[in-house]
Amino acid sequence: MVKSRKMAVGHHEHCDKCYNVHCQVPVQISVSCRVIKCRKNCGATLHMCKQEEHQLLCPNETVPCLNVNYGCPLTMLRHRLAKHLEVCPASVVCCSQEWNRWPVSEADLTFYRNVSEIPQTELQLDVAMALRDQELLFRSIKMKSIFPELMMEDPSLQDITAGFNCPEEEAVCSLDYGEFRENCCGRMEEKELSQEERDVLAKSRDVESIQNYSSWEKIFTKEMEGCKQTVKNLSKKQEKGKEKEEQESSNCQGERRDSHLKQENAVAATSMDGATGLAPWQDGVLERLGKEVNIAEYNMYLVHNGAMLINFGQLAACTPREKDFVYGNLEPIEVKTIRSFNVPTSYRAKRSHLKDPAHQAKTVHQSVDTADLGVPVEDLPKSDEVSTTLLCSLEKELKGHLISESTAIDGFYVDIGTQTYNFCSAPFKTDASLADVIADKPHGLYVHIEAESVTRRHNKTSSAFSYMCGHFFRRDEYRSHFRNVHSDIQASLSGWLQQRCPLAYLGCTFAQTRFQPAGHQATIKFCQDVSTFVLQPQVPSSLCEGGKTVSPQRNGAHNLDPLSRLPLEILQHIAGYLDSFTLSQLSQVSHLMREVCAMLLQERGMVSLKWEKKTYSHGGSSWRCRKKVWEFSSLFSSVDRWSFSNIPSMSDHLKTCSFYQREERTEPVVLACLGEVRDKHGEVKHKR
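Residues numbered from 1 in each chain as written. Predicted model: local features only at pLDDT ≥ 70, side-chain atom pairs only at ≥ 80, totals over all residues. Heavy atoms only, no water.

- Per an unreviewed UniProt entry, the chain goes by the name F-box only protein 40 and belongs to Lates japonicus.

Written out as structure tokens, the structure reads:
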């Protein structure tokens, strides 16, 4: 009898397999139910028991947004989810546009020195953006990674170091070292041990340098096992003899140990098996093997026991005896460090080889020091923190190594660089960055105003000279931001959107913006507060003057401007025409404007999660969402077309440019080859 399958509550056997819209099966308990239409009027026809399952698929069912866990509070019909994701406030995108900006070379210092003197309120677009990138660069460069020798010592480490360097402990260490040398010399002068004393010494565990003895014994045991196996295969009828050979624990006896070992081996071989053994240390073993075994077994014996035969003098070595590899002659090799200074490879100029070697200048290799200058150390010029740090960072990025970096030549020699720097602000704090070091000094511009978007010089992902936009936008705003900011403005700053004086290489800082949004009276500005480009509308002077003449009316204790006296509905309608950046600025004007802008957050703003790290008492930690933050992005009104601005030509500036020095000559100048032309002209006339 087959046990029937139990049906879930509310499900029927017929309904699970029925997909017929016009099903006419009569209603039966636990078998089937009647057919109904969807209550949400989506047009679906189904059995009544499938109604809950249909709610998971019904397009007219009210559901929350897919980004509900990321802060979106909206609920809508299911078929509107796809369209809503395009404008969802929780669907946030981070702009990942990157570019490079390199430090300024010494040839352009005049221009960048003049640019640094421009007031912050009148900065050009490229200069303002370069200052933003420079600030990020100075914060990212840690002084400890560039100049670890100029760091302040930790007080706790100083205490530990002071404990190690105390005179009492130095005296104890010197005393121990003296006793160690005396003991070593005493052991070297001891007389040689007999065979019985060596056997007792090998079995004892209370011996100095037992670790060294164990390593020699392990090596010797491996070869002994091979000998035993060979003897067992060749002479099965012979009894096994006790095969043990001890080595001396000290390797300081030199050649005397070799001769003594030969004598002891001969005595041991005679006492054990006389002249009939086949062990490698027994005399005449090769002659006996040649008589008792065939040539194949004889060669195999030489392969396995060749080293021992050479060590015990049974077989002549190919190399001289004094150069042969013997375990007893192994000595540790001291690793030596040579402290020298080589010219860094990045500063090595290509040598120009003359055709005549006699004309080459004579050079002498000589070590130099600052003492050779004849100037006290206090009077030596100080290094600039910014220029030197950027130079060292640039060397690491482009060349892959620091200036005067220590280089390992081989396993025994290390070439240590000795480049030193002298700063006024040294030593630096352990966690200090370049921005912290120059916080109290006047700021200048040390990076190029031209940005490099594509590079093949290094890996951008690990470079300190790579910068990223990093601003967040809603998904529907990202397209407009990338096109207007990065493609139209940032990529055209060098000569197209913004035009500089042709004499900028001499130090002229004049620049003018050639384009403006078509149909809008607005100028492009770089906002330092949000670190991005924005559009600033040009307000007519008549409107500004009219606003000043209106006298404020007192409403309680507050003075309201004419805009704030408008009804809330009108203010909300006006705010609907503003872009996201303007709304973010308007929300900071007053409490009233903040309330007006808050009504547009779900429609025009974006929401993001703010995380915080929580540390537990047991030492573990975890991240948790602290709150949801609503804000407006830094997007300005989309610009579809640009037009030329009504500005004078660059030639008008050159008429008054202080760097444009004309040289007027009134005296006639003889042209080149003018005499030859006159001679030819005279010859032609003479022929006529």
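Additional details are given in the paragraphs that follow.
## Section: the pairing of strand 19 (residues 621–631)
- Judged from the 10 bridges that link them, strand 18 (residues 606–615) and strand 19 form a sheet pairing that is antiparallel. Bridge pairing in strand 19 places W611 opposite C625. (Pairing = 2+ DSSP bridges. Helix = DSSP H or I, 4+ residues; strand = E, 2+ residues; numbered from the N terminus.)

## Some thoughts on the confidence of the model for the chain
- Residues with a pLDDT of 70 or more make up 65% of the chain, whose mean pLDDT is 75.
- Of the regions scoring below 50 in pLDDT, residues 1–7 engages in 3 contacts with residues more than four places distant in sequence or in other chains.
- In the model, residues 166–191 has pLDDT below 50 throughout and makes 5 contacts with residues more than four positions away in sequence or in other chains. (pLDDT = per-residue confidence, 0-100. Contact = heavy atoms within 4.5 Å.)

## A look at the nonpolar core
- Within the largest apolar cluster, 52 residues are counted, with the highest numbers of intra-cluster contacts made by L137, F147, F428, L445, I489, I524 and F533.
- At the level of elements, helix 3 (109–116), helix 4 (125–140), helix 5 (143–146), helix 13 (385–399), helix 14 (434–437), helix 15 (478–489), strand 14 (522–527) and strand 15 (532–537) are the ones that each hand at least two residues to this core.
- Residue contributions to this core peak at 7 residues, all from helix 4.
- With residues up to four places along the chain from it excluded, the contact list for I524 reads L125, I489, L497, F533, V534, L535 and W642.
- The next biggest cluster of nonpolar side chains, apart from the first, holds 10 residues, and it includes M593, L600, L601 and F632. (Core = buried A, V, L, I, M, F, W, Y, C linked by side-chain atoms within 4.5 Å. Buried < 20%, exposed > 50% of the residue type's maximum accessible area, 1.4 Å probe, protein only.)

## Thoughts on the pattern of salt bridges
- Applying the stated criterion across every chain, the model contains 12 salt bridges.
- The salt bridge involving R474 is made with D476; its shortest N-O contact spans 3.3 Å.
- In this structure, K655 and D652 form a salt bridge, with 3.9 Å as the shortest nitrogen-oxygen distance. Here K655 pairs with D652, and both are found in helix 21 (residues 650–656), just 3 residues apart, close to one helical turn. (Salt bridge = Lys/Arg side-chain N within 4 Å of Asp/Glu carboxyl O.)

## A closer look at a nonpolar patch on the surface
- A cluster of nonpolar side chains, L563, L566, I570 and I574, forms an exposed patch at the surface whose accessible area comes to about 300 Å².
- Tracing the backbone shows I574 in helix 17 (residues 568–575).
- We classify I574 as partly exposed; its relative accessible area is 38%. (Patch = residues over 30% accessible without salt bridge, like charges linked within 9 Å, V, L, I, M, F, W, Y side chains within 5 Å. Areas by Shrake-Rupley, 256 points an atom, 1.4 Å probe, with all protein chains shown as cover.)

## Regarding the state of the cysteines
- Enumeration over the complete set of coordinates arrives at 0 disulfides.
- For the unlinked cysteine C42, the closest cysteine sulfur is that of C38, found at 3.4 Å.
- Assessed through its relative accessible area of 26%, C42 is described here as partly exposed. (Disulfide = S-S within 2.5 Å.)

## Points about unusual backbone geometry
- Going from A426 to P427, the amide bond is cis rather than trans, its omega being 0 degrees.
- Considering the arrangement of structural elements, one finds P427 in the loop between strand 8 (414–415) and helix 14.

## A short note on the packing of helix 17 against helix 19 (residues 591–598)
- At a minimum axis separation of 9 Å, helix 17 and helix 19 run at an interaxial angle of 65 degrees. You can see that helix 17 and helix 19 cross each other, and the crossing is right-handed. From helix 17, L568, L571, Q572 and A575 reach across to helix 19, where they touch L592, M593 and V596.
- Grouping the constituent residues of the contact of helix 17 with helix 19 by class yields 6 nonpolar, 1 polar and no charged. (Axes fitted to C-alpha atoms, helices over the stretch in contact; angles between N-to-C directions. Left-handed = near helix turned anticlockwise from the far one by under 90°. Nonpolar A, V, L, I, M, F, W, Y, C, P; charged D, E, K, R; others polar.)

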